[in-house]
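The residues making up each chain are set out below.
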Amino acid sequence: DISNTAKFVFIKNHISQLFLNFIPIGDYYEYKILSYPDLKEIISWSSKEINFDNVNFSPDDNFIIFRNVTSSQEPNNSYGLKIYDLNKQKEYNLLLNTTVIDFDIAQNSKLIAISTEESGTKIFDLKTLNEVFKVPISGYVKFSPLENLLILEGNNTINIFDIKSKSLIETYLGSNPSLSLSQTYLAYAISKNFASLSKEINIVNRYTKTQNKINLNEEYFVEDIQFSRDENFLITMLSGKDGYKIEIFKKTASQ
């Protein structure tokens, strides 16, 4: 994988151990972060030492974040997040013995939102690791395009919080929410939860409170919803009995 600014390369190698060159006796993974383009090794580790769910670079590539980390050195402890500062070459462990459901990093790389099974959702300052926001709701989290709002999707409920005032400003019943670039429009699927079939997508103008509905020709799993940059088109990725498909809807004069 290549980092967001192409300053680093993430490499994962599968290592197989063989006895007499043909009998498998064990396998593991080796990971490396290399600088680019000189390919100098920054850090390396193996799955014998550390295991985790996934790895993400911050948008500015100053941090690399590992989710739900276990270590052979601390067999009785796990961490929701391990954050490695690539500039200082220091690592920090957050959320002892806590399971992280989802996290998102603001595009300016100043804040990280973390949702956990045990303690709801928190926002930390990514540079100081100080907690700046907390709410007792768990789910899927995403910063808004202007990064002043936090979208928290729980079980069939979409909650939008104002980060500065730390207040809940909007709630909708649905799943798979997506805000337009100006944050004027919110689109989401009408379904029991994010893993349920849907036959309807709702589009809300957050300022006028007007709504428009898109009726799909059959029930689908709504995999993703995105607005075009000019907000004149809505792009959906759907999956159903015939596989995946992308449908594009155009905004009308009345909308």
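Residues numbered from 1 in each chain as written. Predicted model: local features only at pLDDT ≥ 70, side-chain atom pairs only at ≥ 80, totals over all residues. Heavy atoms only, no water.

1. Comments concerning the overall build of the chain
Part 1 of the reasoning: Secondary structure assignment for the chain yields zero helices and 22 strands.
Part 2 of the reasoning: Considered along the principal axes of its C-alpha atoms, the chain spans approximately 70 × 45 × 40 Å.
Part 3 of the reasoning: Across the 255 residues in the chain, those meeting the buried criterion constitute 45%.
Part 4 of the reasoning: Sequence-distant contacts, at least 24 apart, represent 31% of the contacts inside the chain between residues at least 6 apart.
Part 5 of the reasoning: Working note: accessible area of the chain is about 14,000 Å², and carbon and sulfur atoms make up 49% of it.
Part 6 of the reasoning: Where the 26 positive side-chain charges of the chain centre and where its 31 negative ones centre are 5 Å apart. (Helix = DSSP H or I, 4+ residues; strand = E, 2+ residues; numbered from the N terminus. Buried < 20%, exposed > 50% of the residue type's maximum accessible area, 1.4 Å probe, protein only. Contact = heavy atoms within 4.5 Å. Areas by Shrake-Rupley, 256 points an atom, 1.4 Å probe, with all protein chains shown as cover. Lys, Arg positive; Asp, Glu negative; His and termini not counted. Charge placed at Lys NZ, Arg CZ, Asp CG, Glu CD.)

2. Let's talk about a nonpolar patch on the surface
Part 1 of the reasoning: A cluster of nonpolar side chains, namely Phe19, Leu20, Phe22, Ile23 and Ile25, defines an oily patch on the protein surface of about 540 Å² accessible area.
Part 2 of the reasoning: With respect to the helices, strands and loops of the structure, Ile25 is situated in strand S2 (residues 23–35).
Part 3 of the reasoning: We classify Ile25 as exposed; its relative accessible area is 58%. (Patch = residues over 30% accessible without salt bridge, like charges linked within 9 Å, V, L, I, M, F, W, Y side chains within 5 Å. Salt bridge = Lys/Arg side-chain N within 4 Å of Asp/Glu carboxyl O.)

3. What about the pairing of strand S22 (residues 243–250)?
Part 1 of the reasoning: With eight bridges connecting them, strand S21 (residues 233–240) and S22 associate as antiparallel partners. By the bridge assignment for S22, Met237 is matched with Ile246.
Part 2 of the reasoning: Hairpin remark: S21 followed by S22, antiparallel, with two residues in the connecting loop. (Pairing = 2+ DSSP bridges.)

4. As for the layout of surface pockets
Part 1 of the reasoning: What the largest pocket holds in volume is close to 340 Å³.
Part 2 of the reasoning: Together, 18 residues line the largest pocket, and Lys142, Pro145, Leu179, Leu181 and Gln226 are the ones closest to its centre.
Part 3 of the reasoning: Of all the secondary structure elements, the ones that give two or more residues to the lining of the largest pocket are strand S9 (100–105), strand S13 (140–143), strand S17 (175–179) and strand S20 (211–227). (1 Å grid on protein atoms, 1.4 Å probe; cavity = no way out; pocket = protein on both sides within 12 Å on 5 of 7 lines; lining within 4 Å. Points joined across faces, edges and corners; volume = space filled by probe spheres on them.)

5. Brief notes about the sheet that holds strand S11 (residues 120–125)
Part 1 of the reasoning: With respect to topology, four strands assemble into an open sheet ordered S9-S10-S11-S12, the strand pairing being antiparallel. Each edge of the sheet is formed by a strand with only one pairing partner; in this case those strands are S9 and strand S12 (131–135). Strand after strand, the sheet turns through a mean of 15° between neighbouring axes, direction not considered.
Part 2 of the reasoning: By the bridge criterion, four bridges tie S11 to S12 in an arrangement that is antiparallel. If you follow Phe124 over to S12, its bridge partner there is Glu131. (Axes fitted to C-alpha atoms, helices over the stretch in contact; angles between N-to-C directions.)

6. With respect to the environment of Thr210
Part 1 of the reasoning: Looking at the secondary structure, you find Thr210 in the loop between strand S19 (198–205) and S20.
Part 2 of the reasoning: Using a relative accessible area of 43% as the deciding quantity, one classes Thr210 as partly exposed.
Part 3 of the reasoning: Taking the C-alpha atoms as reference points, Thr210 and Ile2, 208 residues apart in sequence, are found 42 Å from one another.
Part 4 of the reasoning: Not counting chain neighbours up to four residues away, the residues in contact with Thr210 comprise Ile203, Val204 and Asn205.
Part 5 of the reasoning: At a separation of 2.9 Å, a polar atom in the side chain of Thr210 contacts the side chain of Thr208. (Polar contact = N/O pair within 3.5 Å; in protein donor to acceptor, adjacent residues only side chain to side chain.)

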